[in-house]
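Here is what each chain is made of, one letter per residue.
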Amino acid sequence: MKRIVDFICSDKSLYVGSILIGIIIIFSLIGPSLSPYNYSSQNLSEALQSPSVSHPLGTDYYGRDVLARMMHGGQITLGIALLATTIAVLIGMIIGLISAFVGGWLDRILMRLVDIMLGFPKLFIILLVIGMGYSSIGLIILFLAIFSWMEIARIVRSEVLVIKEQLYIKSAEAIGLRRRRIIFIHILPNVMGTIIVSSVLLISTLILIESSISFLGLGVQPPNASWGTILTEGRFDPIGTWWISVFSGIFIIAAIIGFNLIGDGLRNILDPKFTGNS
Amino acid sequence: MISIILKRVLDSVPTIIIGITLTFLIVHLAPGDPGIRFLDPSQSPEIQQVIQKRFGLNEPLYIQYWNWVKRVLFHFDFGNSFYNGKPSSEVLRSALLPTILLAGCALVFALITGILLGILAAIRSNTFTDRTITIIMMLFFSTPAFWLGIMFLGVFSIQLGWLPSSHLTSLYHDQLNTIGRFTDYIKHLFLPVLTLGLPLAATFFRYIRSGVIEALRSDYILGARARGIGHNKILFRYCLKNSLLPIISLLGVIIPALLSGAVIVEVIFSLPGMGRTMVSAVFGRDYPIILAASILAFFAVVAGNLIADITYSIIDPRIRYQTRKNS
């Protein structure tokens, strides 16, 4: 435990980012059990109240407590982003490894596929796919992952290509270690650092994309709420119901900044050569 | 040079073919039949079949695909919109101008802001000015365009009433003189361009700042200083030129990002552009419009990548010589 704390304190960006994300996670996980309100229970007599002591972040059109909805929204938003990132990283790692190890025509085809997928305007295409299908949370996670694994695959491939040629891998091959052992014990741990950095940055990108889709009304559907869904509800009267859009926006921004800071911090630690900004 | 361009153009052909085919499959395999959308549920299945036949949706998928490709390639006909019967190319042509205006202005705005602030932060690096600019830019970098847009809309259009909240032109636009029309455009585009441009400016800022800082530390700048070359010339001719290189290679990623961003911004500010056309076509299952819009977006991205590659090889002599040696 102490080692983890020391590690986090060793870089300022990582430190600030971890605190931000820590607060958000505690808020979304523990918050709902402390809140007197349920995220979906309506109370029309208290509709559209501005922030007060009983409703710190106000209420929405149906008199639902915005704070309770933000806590629930945090679970959904972070859950979607984390799960989709995990799937994307897995796909990216597998394709990157295959590409680097098999080489030849398979490598060329896979890398061309990466180019094509990167060429799609991401939001445009996810919008298309989700808009055409049923927008369930599971499908959103799946599609987000399908359109985000490419960068990871590229990174894994190029790193593995370099590591593969190094002497210790050659000698591991020479003494007859099985390929699976070489990949999982000698190569992957060396690529892990880069993968972690880019997957943390991917989380913040996915939070952004998910809230954009939900904002357009194609993502998470009511009565479930992600932060993007909540933001949409305040969108039509940005002044009269300012608390809905302002607070949900602040949460989205805080989460994105948090993950970006963690990613930057990890990169500074893992790659001291990187001159880095902020 | 010409051979490089030709090779890159040929390279992008399979990309375009696969991209278009994928889009066609996504659109046609998705659940939700456009034939049903025009129907009252109480009407008989025969009427549904009539509608499907009219749109050519009753045939097997590969025949539909083949017919569609034939029409697009030989007649440049993307089919008519299911809703208003207008040809897709006509619908998109009118939607193209707002998007190009929006994305172009946003790109120019982002480049100017990003470069100027990046240089300023780099020459003052680790001072109060640098930290303030960096933190503000970090905020913009992490701010979703839709939130920024809503806030701008609320503050500048609704609360203060300084700028119009929607559309590209005013109702009386045609009665204005040339200068009036121009200012009318600027007024309508100001907030959307800011919304789309600020996060992009923050991206450029990060690259320019770290690039210039790195360049200022390098030996060739020290050499230039020693030869007595002026400070401004060093900054703009030597440092900036080198830090612009990563941005040019970024163009391939920026163009899809701009298109995606334009979707959101157009929806918020009700601009009659490609993004809004696309969103309403997706909601309405208007297949021909969706396909034509996706192809256009795809072409824009491929063309952007091509332009980026070519510019890159023109600017950076190392790449030019390398390809010449190889070919």
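Residues numbered from 1 in each chain as written. Chains lettered and ligands numbered in written order. Predicted model: local features only at pLDDT ≥ 70, side-chain atom pairs only at ≥ 80, totals over all residues.

Within chain B, the secondary structure is distributed over 13 helices and zero strands. When the helices and strands of chain B are placed in sequence order, the string is α-α-α-α-α-α-α-α-α-α-α-α-α. Seen through its C-alpha atoms, chain B measures out along the principal axes to roughly 85 × 60 × 40 Å. Residue pairs in contact within chain B that sit at least 24 positions apart in sequence constitute 70% of those at least 6 positions apart. (Helix = DSSP H or I, 4+ residues; strand = E, 2+ residues; numbered from the N terminus. Contact = placed C-beta atoms within 7 Å.)

Here the focus is the overall build of chain A. Across its full length, chain A carries eleven helices and zero strands. The secondary structure elements of chain A, listed N-terminal to C-terminal, are α-α-α-α-α-α-α-α-α-α-α. Across its three principal directions, the C-alpha atoms of chain A cover 75 × 50 × 30 Å. The buried share of chain A, taken over its 278 residues, is 47%. Within chain A, contacts between residues separated by at least 24 positions form 67% of all contacts whose residues are at least 6 apart in sequence. (Buried ≥ 20, exposed ≤ 12 C-beta atoms within 10 Å, placed from the backbone.)

This part covers the confidence of the model for chain B. All names here are of chain B. For chain B, per-residue confidence averages 79 on the pLDDT scale, and residues scoring 70 or more make up 92% of the total. No element of chain B has a lower mean pLDDT than helix α13 (residues 317-326), which averages 57, and none a higher one than helix α5 (residues 88-123), which averages 87. Complex prediction metrics read pTM 0.82 and ipTM 0.77. (pLDDT = per-residue confidence, 0-100.)

Below, the discussion takes up helix α2 (residues 12-34) of chain A. Residue and element names in this part refer to chain A. Compared with the 33 Å implied by 1.5 Å per residue over 23 residues, the 32 Å span of α2 between its first and last C-alpha is a close match. The largest bend in α2 amounts to roughly 35° and is located at Ser28, with the proline Pro32 lying one to four residues further along. Buried residues in α2 make contact with α1 (2-9), α3 (66-102) and α11 (242-270). (Expected span 1.5 Å × (residues − 1). Bend = angle between axes of the 7 residues up to and from the residue.)

Taking 1.5 Å as the rise per residue, helix α1 (residues 2-29) of chain B with 28 residues should run 40 Å; its terminal C-alpha atoms sit 41 Å apart, in good agreement. Restricting attention to buried positions, one finds in α1(B) the residues Ser12(B), Gly19(B), Thr23(B), Phe24(B) and Val27(B).

Counting 146 residues, the largest nonpolar core has Leu127(A), Leu144(A), Ile290(B) and Ala293(B) as its most contacted members. The element best represented in this core is α3(A), accounting for 15 residues. Those residues in contact with Leu144(A), other than ones at most four positions away along the chain, are Ala84(A), Ile126(A), Leu206(A), Ile209(A) and Glu210(A). (Core = buried A, V, L, I, M, F, W, Y, C linked by C-beta atoms within 7 Å.)

Moving on to the environment of Cys239(B). Residues and elements named next belong to chain B. Here Cys239 lies in helix α10 (residues 231-268). Under the C-beta neighbour-count criterion, Cys239 is labelled buried, with 24 such atoms within 10 Å. Considered as a pair, Cys239 and Ile115 are 124 residues apart in the sequence and their alpha carbons are 12 Å apart. Those residues in contact with Cys239 that sit more than four places away from it in its chain are Val212, Ala215, Leu216, Ile221 and Ile234.

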